[in-house]
Amino acid sequence: MVKPVLAAGVTVVLWASAFVGVRAAGLDYTPGALALGRLLAGSVALSLLVALRGGPRLPGRPVLLATMLWGAAWFGAYNLTLNGAERELDAGTTALLVNVAPVLVGVLAGLLLGEGFPPRLMAGLAVSFGGVVIIALTTSDRTGDLAGVLLGLASAVLYAGSATGQKRLLTRTDPLTLTWLGCLTGTVVCLPFAPALARQVQTAPASSTLPVLYLGVFPTAVAFLTWGYALSRVSVGRLAASTYLVPPLVVALSWALLGEVPAPLAFAGGALCLAGVGVATLRRRREPPAAQPVSPSAVTSR
């Protein structure tokens, strides 16, 4: 379990940094151009990894079509809604909205993947969700912006559905192939924004363009690959619970890098998130079997 835990940790940290990166790049890139630029960089990085492995290992047609649908939803539509949300809301608030998704993932995994609803998982989700609510109430100063809130919630729905579908796909193909094909599909979905990207990359300063490249290589190529690796070895509900660590990290990063100072209660909310993750993901130690009483007959027979 060490490697999946480390992989999930890499994903959480890089996905948290993505919210700050989107805010930085979004100053000069529109949502569509930013999504395409990010996915182009991610596709190049993943293609290099596929080449180093010895070439693609394409699945059969039914799995390939399902993978393309999955990639269009998570890499394409998710990035567009996320970028749109962050044009209206600060990074911390957007992260809080998007990370309602693990609750939806837990429900979908229980309903569709037969993972059930373990009491520890559901209790952990409830505790963490309470932390998310506290952070949302104390860090957001623009929650009245309905468009941003709706786009953030749309991102959460896309994330939940995609993560649940990905678990099924990983039984038919490997994480690198799945991530590579999904990113390529998302890139194709965003190709209509190519003219906007071409214009904006000429006028945007390096302080906005470098985050686009960072988003493509690290939060996209690396983080989605480590997520796929962990998901192939851990239940989707349990792994999704770990992403409750993302909002506290985003709050801290946005405070340090964007000057967004969180309210004191945000730290209490972050502590609740951490506690909930512990409840949901740490398995209870098995009790040693009780010693069997020795019957009198057994003693006298020795």
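This section reports on the structure supplied with the text. The shown structure was predicted, so the numbers you read here are calculated from the model rather than taken from an experiment.

Rules and cut-offs
- Residues numbered from 1 in each chain as written.
- Predicted model: local features only at pLDDT ≥ 70, side-chain atom pairs only at ≥ 80, totals over all residues.
- Heavy atoms only, no water.
- Core = buried A, V, L, I, M, F, W, Y, C linked by side-chain atoms within 4.5 Å.
- Buried < 20%, exposed > 50% of the residue type's maximum accessible area, 1.4 Å probe, protein only.
- Helix = DSSP H or I, 4+ residues; strand = E, 2+ residues; numbered from the N terminus.
- Contact = heavy atoms within 4.5 Å.
- Disulfide = S-S within 2.5 Å.
- Phe/Tyr/Trp six-rings, centres within 6.5 Å; stacked < 30°, edge-to-face > 60°.
- Polar contact = N/O pair within 3.5 Å; in protein donor to acceptor, adjacent residues only side chain to side chain.

Points about the nonpolar core
With 60 residues, the main nonpolar core has Phe 19, Trp 74, Tyr 159 and Trp 227 as its most contacted residues. Top contributing element to this core by residue count: helix H1 (residues 2-25), with 10 residues. With residues up to four places along the chain from it excluded, the contact list for Trp 227 reads Thr 11, Trp 15, Trp 74, Tyr 159, Ala 163, Gln 166, Leu 239, Ala 240 and Thr 243.

Let's talk about the environment of Pro 175
Along the chain, Pro 175 falls in helix H8 (residues 175-189). By relative accessible area, Pro 175 is classed as buried at 18%. Taking the C-alpha atoms as reference points, Pro 175 and Gly 228, separated by 53 residues in sequence, lie 5.0 Å from one another. Contacts of Pro 175, omitting those with residues within four sequence positions, involve Leu 170, Leu 225, Gly 228, Tyr 229 and Ser 232.

A short note on the side chain of Gln 200
Positionally, Gln 200 belongs in helix H9 (residues 194-203). Apart from the residues within four sequence positions on either side, Gln 200 is in contact with Asp 28, Tyr 29, Thr 30 and Ala 33.

Notes on the state of the cysteines
If you walk through the whole model with that rule in mind, you get 0 disulfides. With no disulfide of its own, Cys 183 lies 9.6 Å from the sulfur of Cys 190, the closest cysteine sulfur. When its relative accessible area of 0% is taken as the criterion, Cys 183 is described as buried. Accessibility expressed as a relative area gives 0% for Cys 190, which makes it buried.

Structural notes on the packing of aromatic side chains
Applying the stated rule across the entire model yields 12 aromatic pairs. Relative to Trp 227, the ring of Trp 74 has its centre 6.1 Å away and its plane inclined at 85°; by these criteria the two rings are edge-to-face. Of the two residues, Trp 74 sits in helix H3 (residues 61-88) while Trp 227 sits in helix H10 (residues 206-231), which places them 153 residues apart along the sequence. Of the two residues, Trp 74 and Trp 227, both sit in the buried class. Residues Phe 75 and Phe 224 carry aromatic rings whose centres are separated by 4.5 Å and whose planes lie at 40° to one another, so their mutual orientation is tilted.

Here we look at the side chain of Thr 67
Checked against the element boundaries, Thr 67 lands in helix H3. Side-chain polar atoms of Thr 67 contact the backbone oxygen of Val 63, separated by 2.8 Å. Every residue in contact with Thr 67, bar those within four places of it in the chain, is listed here: Leu 169, Leu 178, Leu 181 and Gly 182.

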